[in-house]
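A structural walkthrough
So you can see what is in the structure, the chains are spelled out below.
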Amino acid sequence: MIRASAPYGLCPYCGVGYVDQVDHFLPKSKFHEFALTSVNLVPICSRCNKNKGAKFAKRGCDQYIHPYFDLVEGIWLNCKIVFAPEVKVRFVISAEDVGEAMANRLERHFDDLKIGELYAAYSSSYLSVMRQQFLDLLDKRGVNALKFDVSEQLKQAERESSTGNDWKVALLRCLVSLPEFLERDNIKAIPSPENYPAWRCTAPS
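Basis of the calculations
- Residues numbered from 1 in each chain as written.
- Predicted model: local features only at pLDDT ≥ 70, side-chain atom pairs only at ≥ 80, totals over all residues.
- Heavy atoms only, no water.
- Helix = DSSP H or I, 4+ residues; strand = E, 2+ residues; numbered from the N terminus.
- Axes fitted to C-alpha atoms, helices over the stretch in contact; angles between N-to-C directions.
- Parallel < 35°, antiparallel > 145°, perpendicular 65-115°, else oblique.
- Left-handed = near helix turned anticlockwise from the far one by under 90°.
- Contact = heavy atoms within 4.5 Å.
- Nonpolar A, V, L, I, M, F, W, Y, C, P; charged D, E, K, R; others polar.

1. A word on unusual backbone geometry
- Cis geometry is adopted by the peptide bond preceding Pro-85, which originates at Ala-84 and carries an omega value of 0°.
- Inspection of the secondary structure assignment puts Pro-85 in the loop between strand 3 (77–82) and strand 4 (88–93).
- Positioned with a positive phi, Tyr-8 is a non-glycine residue whose angle comes to about 60°.
- Structurally, Tyr-8 can be placed in the segment before strand 1 (21–24).
- In this model, Lys-114 sits at a positive phi of 55°, which is unusual for a non-glycine residue.

Now the structure itself:
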């Protein structure tokens, strides 16, 4: 019942893993009295559950984001890409819309659960798959056609996103606003799909 409550079967901690376990938000090994409390039982994917383990914060300001109670509004997830000396993708938390206190909690949530690494992997795979399409658009129709195509992809991703803070929206927002992305040599630097397994994804620093 609890696992089935997750929208689309996706993990509410990371937003991309498939729910296959139930997490005790406050670890049952330390908080026996809340072991069966409904608000302490949260659907979770195995990856997030493994990374979270029995960790918990002693202060509320350091606590993980609770999927039931912490409805964080505003845009707080940003993506950054560098093309030289090699292509690297990383995700960072912005405090502009949510304030420093919530941004600090989001950073801890991302760092402890290694969500930045996960999003970088998804983004790297996407860029690899789209590499040839980007090159074809640039070579055959020019810079404006490439910018328009990515802008349309961003609009579609935003329509499909419930928060505007998933990896694809953040990645496409970055590409749309990044002049370096429009340079052919930089797109060529993205590893092609056949070389993707050797491409190392970069976690937030």
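2. Points about the packing of helix 3 (residues 115–141) against helix 5 (residues 167–176)
- With their axes 10 Å apart at the nearest point, helix 3 and helix 5 run at an angle of 55° to one another. On the basis of the axis angle, helix 3 is oblique to helix 5. Handedness of the crossing formed by helix 3 with helix 5: right-handed. In this structure, helix 3 uses Tyr-119, Tyr-122, Ser-123, Tyr-126 and Leu-127 to contact helix 5, whose residues at the interface are Trp-167, Lys-168, Leu-171, Leu-172 and Leu-175.
- Here the residues of the contact of helix 3 with helix 5 are counted per class, giving 8 nonpolar, 1 polar and 1 charged.

3. Digging into the packing of helix 3 against helix 4 (residues 143–160)
- For the pair helix 3 and helix 4, the least separation of the axes is 7 Å and the interaxial angle reads 140°. Once helix 3 is placed against helix 4, the crossing between them reads as right-handed. Taking contact as the criterion, the partners of Tyr-126, Met-130, Gln-133, Phe-134, Leu-137, Leu-138 and Arg-141 in helix 3 are, on helix 4, Val-143, Ala-145, Leu-146, Asp-149, Val-150 and Gln-153.
- In terms of residue class, the contact of helix 3 with helix 4 is built from 9 nonpolar, 2 polar and 2 charged.

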